[in-house]
Structures are given as C-alpha cells and as structure tokens.
Amino acid sequence: MTESLLTASPRLEALDNVVPDPDQPRKRFPEGPLAELAESLWHQGLNQPITVTADPRGGETCLLFIGERRWRAFQLNRERARRLFEAGEDLPPDHPAHRYERWSLIPVLDAPPMDPADRLLKQVSENDEREDLTLYERALAYQKALSLSGLKAKDFAARYGIDAGTLSTFKGLVNAKGPTKLALELGLVNDATAARLFQSLPKEHQETLIRKAEEEETTLTRVVVQRTLDEIEAAQKRIDKAKAAADEQTDSSSPDTAPTQAKSASAHPTPLASPPPGPAIGVETLTWLHNHLDQLDAGEDDPLRVEALAAVRQAVLNDSPFIAILEEIARAPVDPVADEVLQEA
C-alpha cells in the first residue's frame, strides 16, 4: 500500500468533508507544536498531503487515515484567514490567506479500504517512524487493535508479528491506575521498564516525580526512577539500623541493670517536676530535653525522662537531626510558651 500511496496523484478535498478516525492511536495534540506546524503551513504550504480512505459508516465523508496534525493545522489556518477577511483588510493576491481557497480545501491521497485492525496498526507504524506516539498511546492502540481483530492474544501476536511479551506489557499499562496512569497519559513515562519501576514506587514518591517532571518539562527515564528506588531503599536501611539500636538500648534496660540505673539517676537528679498526665508534650519536657540531653541514659524511672526519650527515639527513627527532634517535640504542646523555649534551644 505504501508504493501505491507514493505514486498516487493528490486531489483537493473539502476540509469539512474529512472526519478524524475515532480509533486513531495518537490522542494528544499539544497546542504549541500544532501552532508551529500551522505557522509553517501558512507560509510554505503543504508538502505532504494527508491520506484518507472511505468512511466505513458510508456517506460522502472521507475517513482520515494519516496526517491528523496537518488536518488540524489547516483548521487553525482557515480560522486565521477568516478573521483577516472579516477585518476587511486589503490582502494582495499572493497573501497566504488566499491559499487553498482560503484554507477550505486540503490536498489528500486516497488509500484503499482496509480492515479496522489493519488500519490501526498501520497508523501505529506510520507514527512510530516519526516517534510521534507516547508509550501509553501505543499500548492503547495495540489493545484496541486486538479487540477489533476478534482474535485471541497469541493468534493476534502471531498474525501481526508482535512479541507476545510486549502485548502483555501493553495490557498492563492500559490497566494502570492512579499516579502511574496519570504519568502515562501525560507522556512522562515512555519506556516500559521505567513504567514498571514507577509502578513499584510509593504513591507519594510517584506524585513528587510527576510534579518535578512537569515543572522541568522532562520525562521520567528508568535512570531517574531507579535512583528514587535506591534512595528509598537506603533510607529504609538507616531506619532499620536506628530501630535495631533503639531495641538494643531497650534490652539493656532490663531488671538486671536496674541498680546501675538507679545509681545513675541519683547522680543526675531531674530538676523539674513530672509533666501533667495526657499525651501532649509540655514545655517542661522540651526544657528538660534541652538542658539534659546528655543525661537521657540515666533516670529510667523518671516519667519526664521517659516521655522525652520516647520522643527522641521516634525522631531518630525518622532520621531527624537535633533541631528537628526539638521541632518534633514542640509540635504537640498546648503550652503557649513552647515556641519561645524552642527559639532559645
């Protein structure tokens, strides 16, 4: 079919008589690149006609087979020409607004009728040659073609020379949910391996990567996603190590060591009274922690010390620096002067 298209003579077709293919694999037509194409066509004209075929629904319309971006750009230029003529400007005969009878006609090549699945896969192939399709668009197209063919997956793969593993991967991408689906729809993930790695990330990390990619106008490669996975694994190892150290310290506080701890407690008496009952951490706890952080290994029976140590352990598990530990403790108090104590710390 390619040779017949290359040797066919183009003809002019009414722009409104061409209808887009609802199964067209390409789903996204960004405004910026489309406007650039329209500007180029406005000044240079159309070098490559669009390709149409008979509309399977019948009637006088032509089904757009190849060239939807060019067709959309023609629509933009027709609107541009209409505004110029409505403004009553005196345009010279060679002005771009006069081209293609005010952009109401478009050059087309005719392709023979074809099976819907064949047509869709040929559209995928044509887009692949220009690397126009995103990974998600290709996955949707293959799943749609499989549905249109009425074949089982293995028979479809054999008939069209498609790797069965690739077909299975596309099915998984089409069924993606949440941030993974969003990243695919936005065209931020264009590699199957990167998509699988991205799916394994926690949701909050997925959302962070999506925001960053959009801000920087870049894509999420497998290197970027793998780096995030490595950072998460390293952080988890630090947490596990800190937790093991905390558990070891708890084990060392068994009844066998009670006399030693009691002796240590008497050597470092706590200058403040025990905090009031309840889950909130008061200003006394914060002050005690500030002034006696080096004494946290002493005074196991002191409830104030127990409360402060529990807060410190939790902050350590969160891999927090010292000032963050104080902030963690100061976040809960109901005492209004807690912030002043934190500033002193």
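Cut-offs applied
- Residues numbered from 1 in each chain as written.
- Predicted model: local features only at pLDDT ≥ 70, side-chain atom pairs only at ≥ 80, totals over all residues.
- Heavy atoms only, no water.
- Helix = DSSP H or I, 4+ residues; strand = E, 2+ residues; numbered from the N terminus.
- Buried < 20%, exposed > 50% of the residue type's maximum accessible area, 1.4 Å probe, protein only.
- Areas by Shrake-Rupley, 256 points an atom, 1.4 Å probe, with all protein chains shown as cover.
- Salt bridge = Lys/Arg side-chain N within 4 Å of Asp/Glu carboxyl O.
- Expected span 1.5 Å × (residues − 1).
- Contact = heavy atoms within 4.5 Å.
- Core = buried A, V, L, I, M, F, W, Y, C linked by side-chain atoms within 4.5 Å.
- Pairing = 2+ DSSP bridges.
- Axes fitted to C-alpha atoms, helices over the stretch in contact; angles between N-to-C directions.
- Phe/Tyr/Trp six-rings, centres within 6.5 Å; stacked < 30°, edge-to-face > 60°.
- Lys NZ or Arg CZ within 6 Å of the ring centre and 35° of its normal.
- Parallel < 35°, antiparallel > 145°, perpendicular 65-115°, else oblique.
- Left-handed = near helix turned anticlockwise from the far one by under 90°.
- Nonpolar A, V, L, I, M, F, W, Y, C, P; charged D, E, K, R; others polar.
- Lys, Arg positive; Asp, Glu negative; His and termini not counted.
- Polar contact = N/O pair within 3.5 Å; in protein donor to acceptor, adjacent residues only side chain to side chain.

Q: Can you explain the overall build of the protein? Please cite residues and give values.
A: Check the secondary structure of the protein and you find 17 helices and five strands. A total of 345 residues make up the protein; the buried ones form 39% of that total. Accessible surface for the protein amounts to roughly 19,900 Å². Of this, 51% is attributable to carbon and sulfur atoms.

Q: Hey, could you go over the pattern of salt bridges for me, with residue numbers and the actual values?
A: For the structure on display, the rule yields 13 salt bridges. Several salt bridges share partner residues, and in doing so they unite Glu 79, Arg 82, Arg 83 and Glu 86 into one network.

Q: Quick rundown of helix H3 (residues 68–86)? Include the residues and the values.
A: Look at H3: 27 Å from first C-alpha to last across 19 residues, which is about the 27 Å you get at 1.5 Å a residue. Residues Glu 68, Arg 70, Trp 71, Ala 73, Phe 74, Asn 77, Ala 81 and Leu 84 constitute the buried set of H3. Where H3 is buried, its residues meet strand E2 (18–19), helix H2 (31–44), strand E3 (50–54), strand E4 (62–66), helix H4 (99–103) and strand E5 (105–110). Looking one or two places after H3, you find Gly 88, whose phi comes out positive at around 75 degrees.

Q: So what's going on with the nonpolar core? Residues and values would help.
A: If you look at the biggest cluster of nonpolar residues, it comprises 33 residues, and the most contacted ones within it are Tyr 142, Phe 156, Leu 173, Leu 184, Val 189, Phe 198 and Leu 220. Secondary-structure elements contributing two or more residues to this core are helix H5 (116–129), helix H6 (135–149), helix H7 (153–160), helix H8 (164–174), helix H9 (178–185), helix H10 (192–199), helix H11 (203–216) and helix H12 (222–252). In terms of residue count, the dominant contributor to this core is H6 (seven residues). When residues no more than four places from it in sequence are discounted, the contact partners of Leu 173 are Leu 135, Tyr 136, Ala 139, Leu 184 and Ala 195.

Q: Quick rundown of the sheet that holds E3? Include the residues and the values.
A: Taken in spatial order, the five strands of this open sheet run E1-E5-E3-E4-E2, and their pairing is mixed. Across the chains shown, the open sheet's two edge strands, defined by having one partner strand only, are strand E1 (11–14) and E2. Sitting on the sheet, H3 touches E2, E3, E4 and E5, and the angle it makes with E5 is about 165 degrees.

Q: Outline the packing of aromatic side chains, listing residues and values.
A: A complete count under the given rule lists six aromatic pairs for this structure. Ring geometry for Phe 74 versus Trp 103: centroids 4.8 Å apart, planes at 70 degrees, classification edge-to-face. A residue pair is termed long-range when its members are at least 10 positions apart, and Phe 74 in helix H3 and Trp 103 in helix H4 qualify at 29 residues. Under the relative-accessibility criterion, Phe 74 is labelled buried at 0%. Three or more aromatic residues joined by ring pairs make a cluster, and in this case those are Trp 42, Phe 74, Tyr 100 and Trp 103. If you follow Arg 80 out to its NZ or CZ, it ends over the ring of Trp 42, 4.2 Å from the centre. Taking the ring centre of Phe 85 as reference, the NZ or CZ of Arg 102 above it sits at 3.7 Å.

Q: Describe the pairing of E5, and please don't skip the residues or the numbers.
A: Most of E5 is tucked away: five of the six residues are buried. Bridge analysis of E3 against E5 gives three bridges, and the strand direction is parallel. Counterpart to Val 52 in the pairing with E5 is Asp 110.

Q: Give a detailed account of the packing of H9 against H10, specifying residues and quantitative values.
A: Contact geometry for H9 and H10: axes closest at 9 Å, N-to-C directions at 155 degrees. Judged on the interaxial angle alone, H10 and H9 are roughly antiparallel. Handedness of the crossing formed by H9 with H10: right-handed. Judged by residue contacts, Pro 179, Thr 180, Ala 183 and Leu 184 of H9 engage Ala 195, Phe 198 and Gln 199 from H10. For the contact of H9 with H10, the residue count by class is five nonpolar, two polar and no charged.

Q: Please set out the side chain of Asp 118 residue by residue, giving values where relevant.
A: Assignment of secondary structure puts Asp 118 in helix H5. Despite its burial, Asp 118 remains without a salt bridge, the nearest opposite charge being carried by Arg 159 at 4.1 Å. Reaching out from Asp 118, the side chain makes a polar contact with the side chain of Tyr 160 at a distance of 2.7 Å. When neighbours within four sequence positions are excluded, Asp 118 is seen to be in contact with Arg 159 and Tyr 160.

Q: Give a detailed account of unusual backbone geometry, specifying residues and quantitative values.
A: Of note in this structure, Tyr 100 is not a glycine but carries a positive phi near 55 degrees. Overall, Tyr 100 belongs to the buried group, its relative accessible area being 19%. Despite not being glycine, Trp 103 shows a phi value in the positive range, around 65 degrees. Look at Trp 103 and you get buried, because its relative accessible area is 0%.

Q: Give a detailed account of the environment of Arg 70, specifying residues and quantitative values.
A: Topologically, Arg 70 is positioned in helix H3. On the basis of relative accessibility, which here comes to 10%, the residue Arg 70 falls in the buried class. When the C-alpha atoms of Arg 70 and Ile 106 are compared, they prove to be 9.4 Å apart, with 36 residues separating the residues in sequence. Excluding anything up to four places from it in sequence, Arg 70 contacts Leu 37, Leu 41, Leu 46, Gln 48, Pro 49, Ile 50 and Ile 106.

Q: Help me get a handle on H6, residues and values and all.
A: Along its 15 residues, H6 runs 21 Å from first to last C-alpha, staying within 8% of the 21 Å computed at 1.5 Å per residue. Within the span of H6, buried status applies to Leu 135, Tyr 136, Glu 137, Ala 139, Ala 141, Tyr 142, Gln 143, Ala 145, Leu 146 and Ser 149. Gly 150 sits one or two residues past H6 and shows a positive phi near 75 degrees.

The analysis is restricted to geometry; functional conclusions fall outside its scope.
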